[in-house]
Amino acid sequence: QVQLGESGGGLVQAGGSLRLSCVVSGGTFSVYVMGWFRQVPGKEREFVASISRSGTFDDYEDSVKGRFTISRENAKNTVYLVMNRIRPEDTAVYYCAAKQFMVDYATVRVFDSWGQGTQVTVTS
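Below is a short write-up of the structure.

Calculation notes
Residues numbered from 1 in each chain as written. Predicted model: local features only at pLDDT ≥ 70, side-chain atom pairs only at ≥ 80, totals over all residues. Heavy atoms only, no water. Helix = DSSP H or I, 4+ residues; strand = E, 2+ residues; numbered from the N terminus. Rg over C-alpha atoms; globule rule 2.2 N^0.38 Å. Buried < 20%, exposed > 50% of the residue type's maximum accessible area, 1.4 Å probe, protein only. Contact = heavy atoms within 4.5 Å. Areas by Shrake-Rupley, 256 points an atom, 1.4 Å probe, with all protein chains shown as cover. Patch = residues over 30% accessible without salt bridge, like charges linked within 9 Å, V, L, I, M, F, W, Y side chains within 5 Å. Salt bridge = Lys/Arg side-chain N within 4 Å of Asp/Glu carboxyl O. Pairing = 2+ DSSP bridges. Core = buried A, V, L, I, M, F, W, Y, C linked by side-chain atoms within 4.5 Å. Polar contact = N/O pair within 3.5 Å; in protein donor to acceptor, adjacent residues only side chain to side chain. Disulfide = S-S within 2.5 Å. Phe/Tyr/Trp six-rings, centres within 6.5 Å; stacked < 30°, edge-to-face > 60°.

**A look at the overall build of the chain**
- The secondary structure content of the chain amounts to 0 helices and 11 strands.
- Counting helices and strands in the order they occur from the N terminus, the chain gives β-β-β-β-β-β-β-β-β-β-β.
- Computed over C-alpha atoms, the radius of gyration of the chain comes to 13 Å, within 12% of the 14 Å expected from 2.2 N^0.38 for 124 residues, which places it in the range of a compact globule.
- Along the three orthogonal principal directions, the C-alpha set of the chain runs to about 40 × 25 × 25 Å.
- Every one of the 124 residues in the chain was classed for burial, and the buried ones make up 42%.
- For the chain, the proportion of contacts with a sequence separation of at least 24, taken over those separated by at least 6, is 60%.
- For the chain, the accessible area works out to roughly 6,300 Å², and carbon and sulfur atoms hold 48% of it.

**Considerations on a nonpolar patch on the surface**
- Together, M102, V103 and Y105 give the surface a local cluster of nonpolar side chains, amounting to about 360 Å² of exposed area.
- In this fold, V103 is placed in the loop between β9 (92-100) and β10 (113-114).

**Quick notes on the pairing of strand β8 (residues 78-83)**
- With respect to burial, β8 is a largely interior element, 5 of its 6 residues being buried.
- The pairing of strand β3 (residues 18-25) with β8 spans 6 bridges and is classified as antiparallel. Considered in β8, the bridge of L20 is made with L81.
- Turn length for the strand β7 (residues 68-73)-β8 hairpin, with the two strands adjacent in sequence and antiparallel, is 4 residues, and the turn residue N77 shows positive phi of about 55°.

**Things to note about the nonpolar core**
- Among the nonpolar cores identified, the biggest contains 28 residues, and M34, W36, V79, L81 and Y94 are the most heavily contacted of them.
- Contributing elements (two or more residues each) for this core: β3, β4 (32-39), β5 (46-51), β7, β8, β9 and β11 (118-123).
- If we skip the residues at most four places from it in the chain, V79 touches L20, S21, C22, F29, M34, W36, I51, I70, S71, R72 and C96.
- Counting residues in hydrophobic clusters, the runner-up holds 6 residues, among them V33, F47, V108 and F111.

**With respect to the environment of S17**
- Relative to the helices and strands, S17 resides in the loop between β2 (10-13) and β3.
- Look past the residues within four positions of S17 in its chain and what remains in contact with it is V12, M83, N84, R85 and I86.
- Of the polar contacts made by the side chain of S17, one reaches the side chain of N84; its length is 2.8 Å.

**Brief notes about the state of the cysteines**
- Per the counting criterion, the structure on display carries 1 disulfide.
- Across the disulfide, C22 is cross-linked to C96 (sulfur-sulfur distance 2.1 Å). Its torsion about the S-S bond being -80°, the disulfide of C22 and C96 is classed as left-handed. Here C22 is found in strand β3, whereas its partner C96 is found in strand β9, with 74 residues between them in sequence. Taken individually, C22 and C96 each receive the classification buried, so the pair is uniform in this respect.

**Details of the packing of aromatic side chains**
- One pass over the structure, following the stated rule, counts 5 aromatic pairs.
- Note on F37 and F47: the rings are 5.7 Å apart at their centroids and 75° apart in plane angle, and the pair reads as edge-to-face. Note that F37 is positioned in strand β4 and F47 in strand β5, a separation of 10 residues in sequence. The pair F37 / F47 is uniform in exposure class, with both members buried.
- On the numbers, 5.4 Å between centres and 80° between planes, the contact of F37 with F111 is edge-to-face.

These figures capture arrangement, not role.
Written as structure tokens, this is what we have:
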């Protein structure tokens, strides 16, 4: 069974940058579409970004377009989320997610496997 482990969260000032990482084990990383989601208390988990198996295609939630970048290193079984120009409203627990997918496609919203999450707190 695939396991996901996020890291890189923490406290950051508004306008700053942060890089989240997610290492995947127990599966063949290159067959998974990977995604990042976030959740704040009392709200549903929301999609942030996703990336296709090869890394060629990606997809973003509108509020993070131009500020966040998702990428992956298949040789390292790792997906990243670089967060630039961070805003207080980006404060959330960020989750990494994986879904095995037959084609190289990024626009996926339903994922099968999840990490435990990493907290990102943005101060103004």
